[in-house]
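The lines below spell out each chain.
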Amino acid sequence: MSTSEPSVAGIVAAPDLPEVLPPRKERGRVGTVVYRHPTMAFGGLLLALVVAMAIFAPWLGTVDPTALAPARRTRPPPDLIAWLSYWFAGGRHPPAVQYWFGTDMLGRDVYSRVLYGTRVSLIVGFAVAFFSAVVGMVIGLVSGFVRWLDAVIMRIMDGMMSIPSILLAIALMALTRGSVRNVIIAITIAEVPRVSRLVRGVVLSLREQPYVEAAIASGTRTPKIIIKHILPNTLAPLTVQATFICAAAMISEAILSFIGAGTPPIIPSWGNIMAEGRALWQVKPYIVFFPAVFLSITVLAVNLLGDGLRDALDPRLAKRI
Amino acid sequence: MFAYAVRRIVATIPVMAVVALFVFSLLYIAPGDPAAIIAGDQATPADIARIRLSLGLDQPFVIRFGDWVWRVLRGDLGTSIFTSLPVTKMIAQRIEPTLSLMVLTLVFSIVIAVPMGVVAAWKHGGWIDRIVMVLAVAGFSIPVFVVGYLLAWGFALKLDWLPVQGYTPIADGLRPWLANLALPAVTLGSAYIALIARITRATMMEVLNQDYVRTAKSKGVGQLAILFEHALKNAAVPIVTVIGLGIAGLIGGAVVTESVFAIPGVGRLVVDAILRRDYPVIQGVVLLFSFIYVLVNLGVDLLYTVFDPRIRY
């Protein structure tokens, strides 16, 4: 509205406001997310990089991660001088800089092993997050809706939660042959009780909501109530929880492999690389160092993403923790 | 109080029963023939049959479970397949380093983390708060063995201030005991400190907004007294709960920390047992630690009434 508009007799239009406020910044959708949730954006970007690294591992200058070369074993990673002389020599490929992260005690390329190890960690992390979310949701829904089963299920979950999760996974792995699939199953079993407790809690509080009571009163069938009213409201806390489970599962996988109860040694996972470098860590610390750094960065990325997701999806919870 | 304590203690019995049933059932739930897997790849059929017999897998589940529970109640956790020693004896020989490590870590973590969280909440938004929050995220994200190797590399190998590995019994003197356990305790405590500091900060921030804190401030109570007497006591229940629940992570972390620092404790026993597929040992340790964990959390529940006299169950 402006003052130049014709005014009815006696009524004067309000004058234009002086421009005291800075003009509103227009941001795109991506810009808004980055601005409002910087941790989530940073974690997501970092995780995207790690995922890309896992997918494109074969094209990132890697060699066969299991190829042995005993003649070139425990070769340290090139230092600055080696890189500089390589640079000034015009980029020809002298053996000094051939192994970016050095070689292990069997002459295998640590860089290639670490890059391929990304795949194992991510697969285990995502798979455990997905399966424990699905199984936990089903158990939580059953427990929240079938009252007579609730007490039984929750006592079982309490018992399982009383077993420290790493010990539970160790016990399971001791009884099966080491494989990525069994590692996923073992860690999932250890994580399911927490998820089902969370879902059950959400379901029980949702059941008291007026709109759910209204749906029950108007004769909506239980499956429809679950799908239309309950499920959508469990998704936000479940997603946040799944992110943290993903991070915990990656650490668990590394711990299991590190103590010899995880993926078979033939598969280059970060835990396995560290387990193999363990005997030599005082003289050749780089074998342990590189997978350790990659594991920490990946877990940090997932945790930041989870923190950001929690702030974005559940502001009430974010204020509390 | 007494009635509550009794009721709470009785309530742990079904939990322990479920733990026992679950730990025992693992042998039956596991896919494939556990006897064959435990025996290893080079085993003869006679070996497998012997292990099956020693695990009692030839008998029906219910009879075997009843028998096992009866023996566990009398303090018999079975016999190691590898050493043929009673599992309780093997654990008893190695419990001291593990308990030392865990108690030291517990004390050290609480002493560091609680003031950290209190100050972070008090100076909310300031640089101390930011440092605490960054440390908290880092503590959650950096796995325990990574912290262990970094500390050992820096403080033991490069600076040569502390021994790299090993353990000295407390009977041989407090100083060498502490010197050996200092790095492992910091290592094991890293995630635990993050956990406690974070929950302390969160609860304290809530409590510091309460009316009674403002009242205390306005009648001139000193800042320290407000923080540690008025506020922290009221924030204690969630903090103590998290400290109790965090023991699970501490137990898992002890297995790894003992491997990194070559401490001859129960954690090493488990790792050796995995390599030898000595299942009775693993079973015994899992049961024992779950029992300790349940007892600690029972103690925490009983502590609630001390911190918050309003809690009357």
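Residues numbered from 1 in each chain as written. Chains lettered and ligands numbered in written order. Predicted model: local features only at pLDDT ≥ 70, side-chain atom pairs only at ≥ 80, totals over all residues. Heavy atoms only, no water.

**Looking at the overall build of chain A**
Then, in step 1: A count of helices and strands for chain A gives 12 helices and zero strands.
Then, in step 2: N-terminal to C-terminal, the α/β element order of chain A is α-α-α-α-α-α-α-α-α-α-α-α.
Then, in step 3: Considering chain A as a whole, with its 321 residues, one finds that 46% of them fall into the buried category.
Then, in step 4: Contacts in chain A between residues at least 24 apart in sequence constitute 72% of all its contacts with a sequence separation of at least 6.
Then, in step 5: Accessible area of chain A: about 16500 Å², with a carbon and sulfur share of 68%. (Helix = DSSP H or I, 4+ residues; strand = E, 2+ residues; numbered from the N terminus. Buried < 20%, exposed > 50% of the residue type's maximum accessible area, 1.4 Å probe, protein only. Contact = heavy atoms within 4.5 Å. Areas by Shrake-Rupley, 256 points an atom, 1.4 Å probe, with all protein chains shown as cover.)

**Re the environment of Thr105 of chain B**
Residues and elements named next belong to chain B.
Then, in step 1: Secondary-structure assignment places Thr105 in helix H5 (residues 87-122).
Then, in step 2: For Thr105, a relative accessible area of 0% corresponds to the buried category.
Then, in step 3: Sequence separation between Thr105 and Gly265 is 160 residues; the distance between their C-alpha atoms is 15 Å.

**A closer look at the packing of aromatic side chains**
Then, in step 1: Tallied over the full model, the rule gives nine aromatic pairs over all chains.
Then, in step 2: Between the aromatic rings of Phe130 of chain A and Phe131 of chain A, the centroid separation amounts to 5.4 Å while the plane-to-plane angle is 70 degrees, which identifies the pairing as edge-to-face.
Then, in step 3: A residue is classified by how much of its surface remains accessible, and Phe130 of chain A, at 52% relative accessible area, is exposed.
Then, in step 4: A residue is classified by how much of its surface remains accessible, and Phe131 of chain A, at 42% relative accessible area, is partly exposed.
Then, in step 5: Their ring planes at 75 degrees and their centres at 6.2 Å tell us that Phe258 of chain A and Tyr149 of chain B sit as a pair that is edge-to-face. One end of the pair, Phe258 of chain A, is in helix H9 (residues 222-258); the other, Tyr149 of chain B, is in helix H7 (residues 144-158), on a second chain.
Then, in step 6: Among the aromatic side chains, those forming a connected cluster through ring pairs are Phe258 of chain A together with Phe145 and Tyr149 of chain B.
Then, in step 7: For the cation-ring pair, Arg207 of chain A lies above Phe145 of chain A, with the distance from its terminal atom to the ring centre recorded as 5.2 Å.
Then, in step 8: Lying over the aromatic face of Trp122 of chain B, Lys123 of chain B brings its terminal NZ or CZ to 4.5 Å of the ring centre. (Phe/Tyr/Trp six-rings, centres within 6.5 Å; stacked < 30°, edge-to-face > 60°. Lys NZ or Arg CZ within 6 Å of the ring centre and 35° of its normal.)

**Observations concerning the side chain of Ser109 of chain B**
Then, in step 1: Relative to the helices and strands, Ser109 of chain B is located in helix H5.
Then, in step 2: For Ser109 of chain B, the contacting residues outside a window of four places in its chain are Val114, Gly189, Tyr192, Ile193 and Ile196 of chain B.

**Structural notes on the confidence of the model for chain B**
Residue and element names in this part refer to chain B.
Then, in step 1: Per-residue pLDDT for chain B has a mean of 83; in total, 97% of the residues score no lower than 70.
Then, in step 2: Averaged over each element, pLDDT in chain B is lowest for helix H2 (residues 34-39) (72) and highest for H5 (89).
Then, in step 3: For this predicted complex, the interface confidence reaches an ipTM of 0.84, while the overall pTM sits at 0.82. (pLDDT = per-residue confidence, 0-100.)

**Re unusual backbone geometry**
Negative phi characterises most residues that are not glycine, and trans characterises most peptide bonds.
Then, in step 1: Residue Ala262 of chain B is not a glycine yet carries a positive backbone phi of 50 degrees.
Then, in step 2: As for its position among the elements, Ala262 of chain B is in the loop between helix H10 (223-260) and helix H11 (266-276).

**Let's talk about a nonpolar patch on the surface**
Then, in step 1: Residues Phe130, Phe131, Val134, Val135, Val138 and Val142 of chain A make up a contiguous nonpolar surface patch of about 480 Å² in total accessible area.
Then, in step 2: By the element assignment, Val134 of chain A lies in helix H4 (residues 110-145). (Patch = residues over 30% accessible without salt bridge, like charges linked within 9 Å, V, L, I, M, F, W, Y side chains within 5 Å. Salt bridge = Lys/Arg side-chain N within 4 Å of Asp/Glu carboxyl O.)

**Let's talk about the packing of helix H8 (residues 174-207) of chain B against H10 of chain B**
All names here are of chain B.
Then, in step 1: The contact between H8 and H10 brings their axes to 8 Å, and the two run at 150 degrees. As judged from the angle between their axes, H8 and H10 are roughly antiparallel. Crossing angle aside, the handedness with which H8 passes H10 is right-handed.
Then, in step 2: Its residues assigned to classes, the contact of H8 with H10 shows 19 nonpolar, seven polar and no charged. (Axes fitted to C-alpha atoms, helices over the stretch in contact; angles between N-to-C directions. Parallel < 35°, antiparallel > 145°, perpendicular 65-115°, else oblique. Left-handed = near helix turned anticlockwise from the far one by under 90°. Nonpolar A, V, L, I, M, F, W, Y, C, P; charged D, E, K, R; others polar.)

**A closer look at the nonpolar core**
Then, in step 1: Counting 169 residues, the largest nonpolar core has Ile170 of chain A together with Phe145, Tyr279 and Ile282 of chain B as its most contacted members.
Then, in step 2: When residues are assigned to domains, this core turns out to be shared by domain 1 (2-73) and domain 2 (90-312) of chain B, each giving three or more. (Core = buried A, V, L, I, M, F, W, Y, C linked by side-chain atoms within 4.5 Å. Domains from an automatic or database assignment.)

**A few points about the interface of chain B and chain A**
Then, in step 1: In this assembly, 49 residues from chain B lie in contact with 45 residues from chain A.
Then, in step 2: When the two sides are added together, the surface that chain B and chain A hide from each other amounts to roughly 4100 Å², 75% of it contributed by carbon and sulfur.
Then, in step 3: Ranking the residues of chain B by area buried against chain A places Phe22, Phe145 and Tyr149 of chain B at the top, with a combined share of 15%.
Then, in step 4: Our count for the chain B to chain A interface comes out at one salt bridge.
Then, in step 5: The salt bridge partner of Arg198 of chain B is Asp307 of chain A, with a shortest N-O separation of 3.4 Å.
Then, in step 6: On inspection of chain B and its partner chain A, the count reaches two residue pairs in polar contact (both at pLDDT 80 or more). (Buried area = accessible area lost by both parts, 1.4 Å probe. Polar contact = N/O pair within 3.5 Å; in protein donor to acceptor, adjacent residues only side chain to side chain.)

**Quick look at the domain arrangement of chain B**
All names here are of chain B.
Then, in step 1: Structurally, chain B comprises domain 1 (2-73) and domain 2 (90-312).
Then, in step 2: Just the C-alpha atoms count here: the centres of domain 1 and domain 2 sit 31 Å apart.
Then, in step 3: Each partner contributes to the interface: domain 1 provides 18 residues, whereas domain 2 provides 14 residues.
Then, in step 4: Of the roughly 1500 Å² buried between domain 1 and domain 2 on both sides combined, carbon and sulfur atoms contribute 78%.
Then, in step 5: Counting across the interface, domain 1 meets domain 2 through one salt bridge.
Then, in step 6: Across the salt bridge formed by Arg8 and Asp301, the nearest N and O atoms sit 2.4 Å from each other.

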